[in-house]
Amino acid sequence: YAYATSVMSGKLWVYDITNPSAPAKVDSLSFHARILNDISITPDGKIGVLSREGASNRKNGIVFLDTSDLAHPKVLSEYTEGVTGGVHSAFIDDRHVYLTDDATGSLRVINFEDPKRPKEVARWQVETANVMSLKTPQGDPYVPGRYLHDVYVKDGLIYMGYWRDGLVILDVGNGIKGGSPNAPKLVSQLRFNYHELYGPGWLAGAHSVFRYKNYVFLGDEVFPAQFDIASRERIPVKGVVHVVDVSKIEQPKEAAIYEVP
């Protein structure tokens, strides 16, 4: 099965992809949110986590789903405490969810050993002084200062696409810095000069992050200073992928760069 979320309609669609050349929609769920940005499921296939942004009642946060019947997920619970401003991305690792908090630009760690009663166990953020909030034409927040965009956990380390703060790596159980899900510890950080990369007039920062072997692939998001995400007109964008060598995890260095046309 494939789960797909929508940007503007607040829906989750479920597709049977047994035959990849002819996917068939088998179910859908509607949520009180304008944007459902991320969906992931535990390795055992039993619990799903959905992130929400743009709800008119300001109760965004995440939704836990019972996915024991993958074709027909059901809502188990919601977690909104402290993250009502919206969650852009979330990543499941064991019985913890690592999620982004749009309102503060921080990382939140949620324990869901009991998925009907999830609870926050940790928070971490970079200390950036030049936080300046901007808004898109729809009134949505767009923060060029401290803004956590994407998270990826592997082998007890979390890799974060931290917008203007670049790549940030924390120990959340690896042991290198004595960190744990309840007490993340900074391992290293790699910053980039986005003004030098893209010039004036662009909102630019680290967007998506993925580790493979001894490399981290960090994709930038680059929009003009003003844009309408709902417009049918093409939005001019830029962007590169940074290939970061993390064979020395405490000294990450850029090994290559790929410019996306």
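Residues numbered from 1 in each chain as written. Predicted model: local features only at pLDDT ≥ 70, side-chain atom pairs only at ≥ 80, totals over all residues. Heavy atoms only, no water.

Peer 1: Where do I start with the overall build of the protein chain in this structure?
Peer 2: Scanning the protein chain from terminus to terminus reveals one helix and 21 strands. Radius of gyration (C-alpha) of the protein chain: 18 Å, near the 18 Å computed for a compact globule of 261 residues. Counting only C-alpha atoms, the protein chain reaches 50 × 50 × 40 Å along its principal axes. Summarising the internal contacts of the protein chain: among those between residues at least 6 apart in sequence, 42% fall at separations of at least 24. (Helix = DSSP H or I, 4+ residues; strand = E, 2+ residues; numbered from the N terminus. Rg over C-alpha atoms; globule rule 2.2 N^0.38 Å. Contact = heavy atoms within 4.5 Å.)

Peer 1: In this structure, what is going on with the packing of aromatic side chains? I would like to understand it.
Peer 2: Inspection of the entire model under this criterion finds seven aromatic pairs. Taken together, a centroid distance of 6.3 Å and an interplanar angle of 80° make the contact between Tyr147 and Trp163 edge-to-face. Of this pair, Tyr147 sits in the loop between strand S13 (141–142) and strand S14 (150–154) while Trp163 sits in the loop between strand S15 (157–161) and strand S16 (167–171), and the two are 16 residues apart along the sequence. Residue classification places Tyr147 among the buried positions, given a relative accessible area of 8%. One aromatic cluster is present, formed by Phe91, Tyr152 and Phe210 through successive ring pairs. (Phe/Tyr/Trp six-rings, centres within 6.5 Å; stacked < 30°, edge-to-face > 60°. Buried < 20%, exposed > 50% of the residue type's maximum accessible area, 1.4 Å probe, protein only.)

Peer 1: Looking at this structure, I do not really get the layout of surface pockets. What am I missing?
Peer 2: Where empty space is left in the structure can be found by rolling a water-sized probe over the atoms. In this structure, the second largest pocket spans a volume of roughly 210 Å³. Forming the boundary of the second largest pocket are 13 residues, of which Asp38, Ile39, Ser40, Ala90 and Phe91 lie nearest the centre. Secondary structure elements with two or more residues in the lining of the second largest pocket: strand S4 (39–41), strand S8 (90–93) and S14. Residue composition of the lining of the second largest pocket, by class: seven nonpolar, four polar and two charged. (1 Å grid on protein atoms, 1.4 Å probe; cavity = no way out; pocket = protein on both sides within 12 Å on 5 of 7 lines; lining within 4 Å. Points joined across faces, edges and corners; volume = space filled by probe spheres on them. Nonpolar A, V, L, I, M, F, W, Y, C, P; charged D, E, K, R; others polar.)

Peer 1: Explain the pattern of salt bridges here, please?
Peer 2: Opposite charge on two side chains makes pairing possible when the charged atoms of those side chains draw close. The final tally for this structure, using the stated rule, is seven salt bridges. The salt bridge partner of Asp44 is Arg95, with a shortest N-O separation of 3.5 Å. Remark: Arg95 occurs in the loop between S8 and strand S9 (96–101) and Asp44 occurs in the loop between S4 and strand S5 (47–51); sequence separation between them is 51 residues. Asp44 sits in the partly exposed class, given a relative accessible area of 42%. For Arg95, a relative accessible area of 26% gives the class partly exposed. Each of the salt bridges in this network shares a partner with another, and the network as a whole consists of Asp101, Arg108 and Glu120. (Salt bridge = Lys/Arg side-chain N within 4 Å of Asp/Glu carboxyl O.)

Peer 1: Looking at this structure, I do not really get the environment of Phe91. What am I missing?
Peer 2: Topologically, Phe91 is positioned in strand S8. Sequence separation between Phe91 and Asp150 is 59 residues, and the spatial gap between their C-alpha atoms is 8.7 Å. Sequence-distant contacts of Phe91, defined by excluding residues within four places in its chain, comprise His96, Val97, Tyr98, Val151, Tyr152 and Val153.

Peer 1: Explain the side chain of His96 here, please?
Peer 2: If you trace the backbone, His96 turns up in strand S9. Polar side-chain contacts of His96 include one of 3.4 Å to the side chain of Asn111. Contact partners of His96, with chain neighbours within four places excluded, come to Phe91, Val109, Ile110, Asn111, Phe112, Val121, Pro181 and Asn182. (Polar contact = N/O pair within 3.5 Å; in protein donor to acceptor, adjacent residues only side chain to side chain.)

Peer 1: I tried to follow the sheet that holds strand S17 (residues 185–190) on my own but got confused; where do I start?
Peer 2: The pairing of strands in a sheet happens through backbone hydrogen bonds and is either parallel or antiparallel. Spatial strand order, S14-S15-S16-S17: four strands in an open sheet with antiparallel pairing. The open sheet has two edge strands with one neighbour each: S14 and S17. With strand direction ignored, the average angle separating the axes of adjacent strands in the sheet is 20°. As paired strands, S14 and S15 are joined by five bridges and run antiparallel to one another. In the strand pairing of S15, Tyr152 is matched with Tyr159. (Pairing = 2+ DSSP bridges. Axes fitted to C-alpha atoms, helices over the stretch in contact; angles between N-to-C directions.)

Peer 1: Is there a simple way to explain the sheet that holds strand S1 (residues 2–5) in this structure?
Peer 2: Strands sit in the order S1-S2-S3 across an open sheet of three strands; the sheet is antiparallel. For this open sheet the edge positions go to S1 and strand S3 (24–30), each flanked by a neighbour on one side alone. Adjacent strand axes in the sheet meet at a mean angle of 25°, parallel and antiparallel pairs treated alike. Across six bridges, the pairing between strand S2 (residues 11–16) and S3 is antiparallel. Paired with Trp13 across the strands is Ser28, a residue of S3.

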